[in-house]
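# Analysis of the macromolecular model
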Amino acid sequence: MATLRLKRMLEPATIAVVAPPGSATVPLLHGIQAGGYAGRVFVLGGTQAEGFEPAAGLDELPLPADLVIAPFRGALETIAAAGRHGCAGVLIVDGSRDDARALCEAARRAGIRLIGPDSIGLVAPRLQLNASLAPVVPRAGSIALVAQSNSIAAGILAWAARREVGFSGAVTLGAAGDVDLADCLDHFGLDGRTRAILLALDDVEDAARFLSSARAAARLKPVLVLKPWRAAAAAGSEMAAHTHAGLIVTSDRAHDAAFHRAGLLRVNDLDELFAAAETLGRTRPLAGGRLAIVSNGSGLAALAAGRLAQLGGALATRIDPSRGLDIRKEEAVIEAATPAEYGAAVSSLIEDDGVDAVLAVHAPYLLAEAEACAEAVVAAAKGARSTKPVLAAWIGGDETIGARFAAAGLPSFATGAEAVIGFQHLLRHARLQGELMATPPSAEERAPPDLAQARAIVSGALAQQRDWLDPDEVAALLAIYHIPELRPVVAVDIEAALAVARPLLARGRPVALKIVSPDIAHKSDVGGVALDLATEAAIQEAAQTMLARVRAERPQARITGLAVQPMAERAKARELIVGFATDPCFGPVVVFGRGGIAAELIDDSHAALPPLDLGLASRLIARTRVSRVLAAYRDVPAARLDAVAATLVAVGQMAVDLPEIRELDLNPLLADETGVIAVDARIMLERSPEKRRRPAIRPYPGHWRREVALRGDVRFLLRPIRPEDETAIGAMLRKVTPEDLRLRFFAPLKSFSHAFLAHLTQLDYARAMAFVAFEQATGEVAGVVRLHTEPDHEEAEYAILLRSDLKGIGLGWTLMTLIIEWAKAEGLKTIRSQVLAENTRMLALCRELGFEIGYDPDDIALRIVTLPVEAAVLRLRR
């Protein structure tokens, strides 16, 4: 219901404006009037407005208003009245953040939605509605704008009107007392008139909800994010960072990691936002990164090509027309002077299989036919069989030419360089989509971490009011998560350190000596690390010097011992850093990059939100510069990337399992052709429960794993689906009869593409679940049941499919009862679905489970089945 109420607010058929004379809502009346809105408008509060219907109060309206616009003064009474009269929601245009909580609570009590306070309003161009304080209203189009900042929203709308960029809707959230970014992403993500979404945000309040909605929307259409950059501050700026990972994970790094994981494109400023909106809002998705250029001057083409190379792109190549050879060597840059040449060049490049997009650039000459050349480009793009993007940059072109390109749906720019930036956004979006749909490689089967043992280690340290795990505890925890470590031995004094080192020295193995203190965050800063000690005398001298310096520089530091560690015998290993730190908004953030004592200063690191799989970990590695030296070069063998990726996955899992850990450093982590080993590892705890953070992305719900034996003692493993199950699901579908597939998908299915299977196997566990049944005798998939929740998390739609040769043994009943139990655990109220009337077996199962069965008013061949979850669970447990 909450989702439907928001839809009514953003697409209102009836509006009520509470507008006492002199209030902040009076100017909105003029905007609504000037825009030509055709719906009914009621005016309350005494202000007279020609063409609108006066009313004494909301209770006196002849029908409930979809949108109530009100000033802050008297807002609590307005909200209560709106709820009594069945209105969808209230928009508050003034007030402040301090007022948001009380207003939000009032809206929830009234059962309505609230936008604001401190919102300049909303715009629905298709309805010719300007219910905002923005002076300019854009034309109707396919871009949605959601903004927290009123000034940025007004600026974007003004730019759009000038460039004739159309919007499907725009809303400013203000203090976001109720309706927030996640609500709007859900709305515009499912809106068929919206092709791209622009987000202008300052802060994310509910990270889990935001990311869940963002991931869902980004799978359907491009989502751009404009967020101001802030001065670098470590994660949890209210508490100092104590590890290299903590220093690396700034708030901006955490936001970047979140945006990347969700598939959102972050832009840095309004210029970049407009360039990205111009391309993503007007073109179809890009298939590859090969750009061809048509220009009436080699200099302009060279500038555009140079900018492309500077941004890491590459020109397409084409067959040399002078030689007629089927070899792609010549760069796809064509000079054209006349309209006919422009049209022919663009047409040929669009149809060229080696070209993914075309950029047409034109410079003004006295004899150049700028408008005619533009028309030729438009005609070539419209007449092409392919839907490849065509971009235009008419240097010095007047508004008529820009309008012509806009009318044809072609993005246009002031310069070729700007067009290249727009093209790069297309390419970034295509790559993000590829990542979102990628199937991760299967991980090596390992024993799962012993969570009870891991939690006991952490709990024991917390019970002693400690902020740090000691080296032995760190080593034990790393072993639980299968992370190799060059394990140190802690000696209580110099004599004990010599005793530990003596056997190593006897074998010719030099050692490292490190200070052990819970009060010293970075040992190197106080001379607390000595390396390559090959004799007892060297160890004794190093220890004495180390202890003296530490006592002089940190007299208050508690020294608990000296750690003795064999030197790593890996001459060609690369030094890496792997770790995580806790961000106040997004929770734990995993870090990877070049390691060493200056890891945060080198600035060759990237971050990602856990949990990770091997695919996500591998792509995190690839985003860094140090990934290049992990490959083989000269006489240095390639490092084992699979071992590095597995370590990232394990660290991410630790971050998920143990929210009591605030920061973790493996620095350096040595990587070479034999694998990885952590040379120095530190783990800091968070003693304050209120500062602990869960991951923003819900992890794999492995606790829902079940084993069952059904009729005939056929045994099955039931567990939540994973992305790695794509191949197994495809194999199962090929064993289902065409008739059973038709009954499940309501249409014949003959092939199963990667995109189709990815949709079935890659779930956001915060809003969907699928349980897959594996036949234990064969390891093959026997059936799948899935449930997708509505954004308001009250209702969900189920679907089930069994392998055709495994019906009649109780597997359908078992899967359905398991998904009902999951729905109960999630707090869902209702499960429903559509079932073909001829699918009598499914309808019979629904009756047994207690579903209500009714007719679909829109299709006589369908039945609507509905199950109240609470009652169903009580019935099943009896």
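Residues numbered from 1 in each chain as written. Predicted model: local features only at pLDDT ≥ 70, side-chain atom pairs only at ≥ 80, totals over all residues. Heavy atoms only, no water.

### With respect to the layout of surface pockets
- A volume near 1200 Å³ is recorded for the second largest pocket.
- For the lining of the second largest pocket, the elements supplying multiple residues, two or more each, are helix H8 (244–248), helix H9 (251–262), strand E13 (265–267), helix H15 (416–437), helix H20 (599–602) and strand E28 (605–608).
- Looking at the lining of the second largest pocket element by element, the count peaks at eight residues for H15.
- Among the residues making up the lining of the second largest pocket, the classes are represented as 17 nonpolar, 10 polar and 15 charged. (1 Å grid on protein atoms, 1.4 Å probe; cavity = no way out; pocket = protein on both sides within 12 Å on 5 of 7 lines; lining within 4 Å. Points joined across faces, edges and corners; volume = space filled by probe spheres on them. Helix = DSSP H or I, 4+ residues; strand = E, 2+ residues; numbered from the N terminus. Nonpolar A, V, L, I, M, F, W, Y, C, P; charged D, E, K, R; others polar.)

### Let's talk about empty space enclosed by the protein
- According to the stated counting rule, one finds four cavities of 30 Å³ or more in the structure shown.
- Taken together, Ile729, Met732, Leu733, Arg744, Phe745, Leu760, Val784, Val785, Arg786, Ala799, Ile800 and Leu801 form the lining of the largest cavity.
- For the lining of the largest cavity, a count of residues per class yields 10 nonpolar, no polar and two charged.
- There is about 50 Å³ of room inside the second largest cavity.
- Every residue along the wall of the second largest cavity is listed here: Arg97, Gln148, Gly174, Ala175, Ala176, Asp202, Asp203 and Glu205.

### Describing the packing of aromatic side chains
- Per the counting criterion, the structure on display carries nine aromatic pairs.
- Between Tyr700 and Tyr765, the ring centres sit 5.8 Å apart and the planes meet at 75°, which makes this aromatic pair edge-to-face. Residue Tyr700 is located in the loop between strand E31 (681–685) and strand E32 (706–710), and its partner Tyr765 is located in the loop between helix H26 (754–761) and strand E34 (768–775); the two are separated by 65 residues in the primary sequence.
- Judged by its relative accessible area of 30%, Tyr700 is partly exposed.
- Put simply, the rings of Tyr342, Trp394 and Phe405 touch in pairs and so form one group of aromatic residues.
- Over the ring of Trp229 we find Arg266, and its NZ or CZ is 3.9 Å from the ring centre.
- The cationic tip of Arg722 hangs over the ring face of Tyr700; the distance from NZ or CZ to the ring centre is 5.6 Å. (Phe/Tyr/Trp six-rings, centres within 6.5 Å; stacked < 30°, edge-to-face > 60°. Buried < 20%, exposed > 50% of the residue type's maximum accessible area, 1.4 Å probe, protein only. Lys NZ or Arg CZ within 6 Å of the ring centre and 35° of its normal.)

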